[in-house]
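# Close look at the chain arrangement
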Amino acid sequence: ADSPSPGPLPVPEAHGEQAVDSTITVDGEFNGGFTRYYGEGELGGGSQNENQPPIFELADGATLKNVIIGAPASDGIHCLGSCTLKNVWWEDVGEDAATLAAGDPSDLMVIKGGGAQAATDKIFQHNGPGTMVISDFRARDFGTFYLSCGNCTEQYERHAFIHDITTDEPTEKLTGVNVNYGDTVALSDITIFGDPSTD
Ligand code: ADA
Ligand code: CA
Ligand code: CA
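As a starting point, this report considers the structure included with it. (Residues numbered from 1 in each chain as written. Chains lettered and ligands numbered in written order. Predicted model: local features only at pLDDT ≥ 70, side-chain atom pairs only at ≥ 80, totals over all residues. Heavy atoms only, no water.)

### Section: the pairing of strand 10 (residues 115-126)
Test applied: Exposure categories follow from relative accessible area, calculated using a 1.4 Å probe and restricted to protein chains: below 20% of the type maximum is buried, above 50% is exposed, and the middle band is partly exposed. Only runs of H or I of at least four residues qualify as helices and only runs of E of at least two qualify as strands under DSSP, and these elements are numbered from the N terminus. Note on pairing: DSSP must find at least two bridges between two strands before they are called paired.
Along strand 10, 9 of the 12 residues are buried, which leaves the element largely enclosed by surrounding structure. Sheet topology note: the strand 7 (residues 83-90)/strand 10 ladder contains 2 bridges and is parallel. Residue tryptophan 89 lies in a different strand from strand 10, and its bridge partner there is glycine 115. Of the strand pairs in this sheet, strand 8 (residues 98-100) and strand 10 are connected by 3 bridges, and their pairing is parallel. From the neighbouring strand, threonine 99 faces strand 10, where its bridge partner is glutamine 125. Sheet topology note: the strand 10/strand 11 (residues 130-148) ladder contains 8 bridges and is parallel. The residue bridging glutamine 117 from the neighbouring strand is arginine 140, located in strand 11.

### A closer look at the packing of aromatic side chains
Under the convention used in this document: Pairing of aromatic side chains requires ring centres within 6.5 Å, counting the rings of Phe and Tyr and the six-membered ring of Trp. Pairs whose planes differ by under 30 degrees are stacked, by over 60 edge-to-face, and all others tilted.
Per the counting criterion, the structure on display carries 9 aromatic pairs. Measuring from ring centre to ring centre gives 5.0 Å for tyrosine 37 and phenylalanine 56, while their planes differ by 75°; the resulting arrangement is edge-to-face. Of this pair, tyrosine 37 sits in strand 3 (residues 29-39) while phenylalanine 56 sits in strand 4 (residues 56-58), placing them 19 residues apart in sequence. Look at phenylalanine 56 and you get buried, because its relative accessible area is 0%. Plain terms: the ring middles of phenylalanine 142 and phenylalanine 145 are 6.1 Å apart, the flat faces sit at 70° to each other, and that makes the pair edge-to-face. The exposure classification of phenylalanine 142 matches that of phenylalanine 145, with both residues buried. The rings of Trp90, Phe124, Phe137, Phe142 and Phe145 are connected pair by pair, giving a single aromatic cluster.

Here it is in structure tokens:
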């Protein structure tokens, strides 16, 4: 029998498209107006190679909202400090969807609204120090929803708060953390369609 499913990802209708051949840097607020952005040139590989450039790179304090990331999505979105992603939708996640790449321990990366699908590996990748807060988010067809880096050159304690999310069954796991570095994840109001068992 088919597994229960959260249904198709409710991506808003795109208002135009824009090919991106070099990373768009965002300082302050950027409202995409639901334009679909997709990679080309050095952002157009569509592979799972590490170290691909992101489509958007957010400076400390930046907000990105109302954006659709189409395919190919390269390494998605990188935050270099505190940042906010509001209503960002990934139609076909590239190497991963969004990364807290750098910053300091007081930084907060807030992801509110939006959704992601077709993530061969991870959706949210936490490499820098600081805290990731993810809420009101939908995910389907993904490996790992949130991963704290296990092998980054610099390791820190990392924290995440994940609430009000709906997903289908991860092919890998919902979250992966390094308790040896002091990582924590707080989960609440999580709905997972399918088999919730773990091994
Ligand atoms: C993998 C890899 C890390 C880092 C991460 C990322 O988890 O093992 O070293 O590259 O991906 O940032 O995509
Ligand atoms: Ca990776
Ligand atoms: Ca990556």
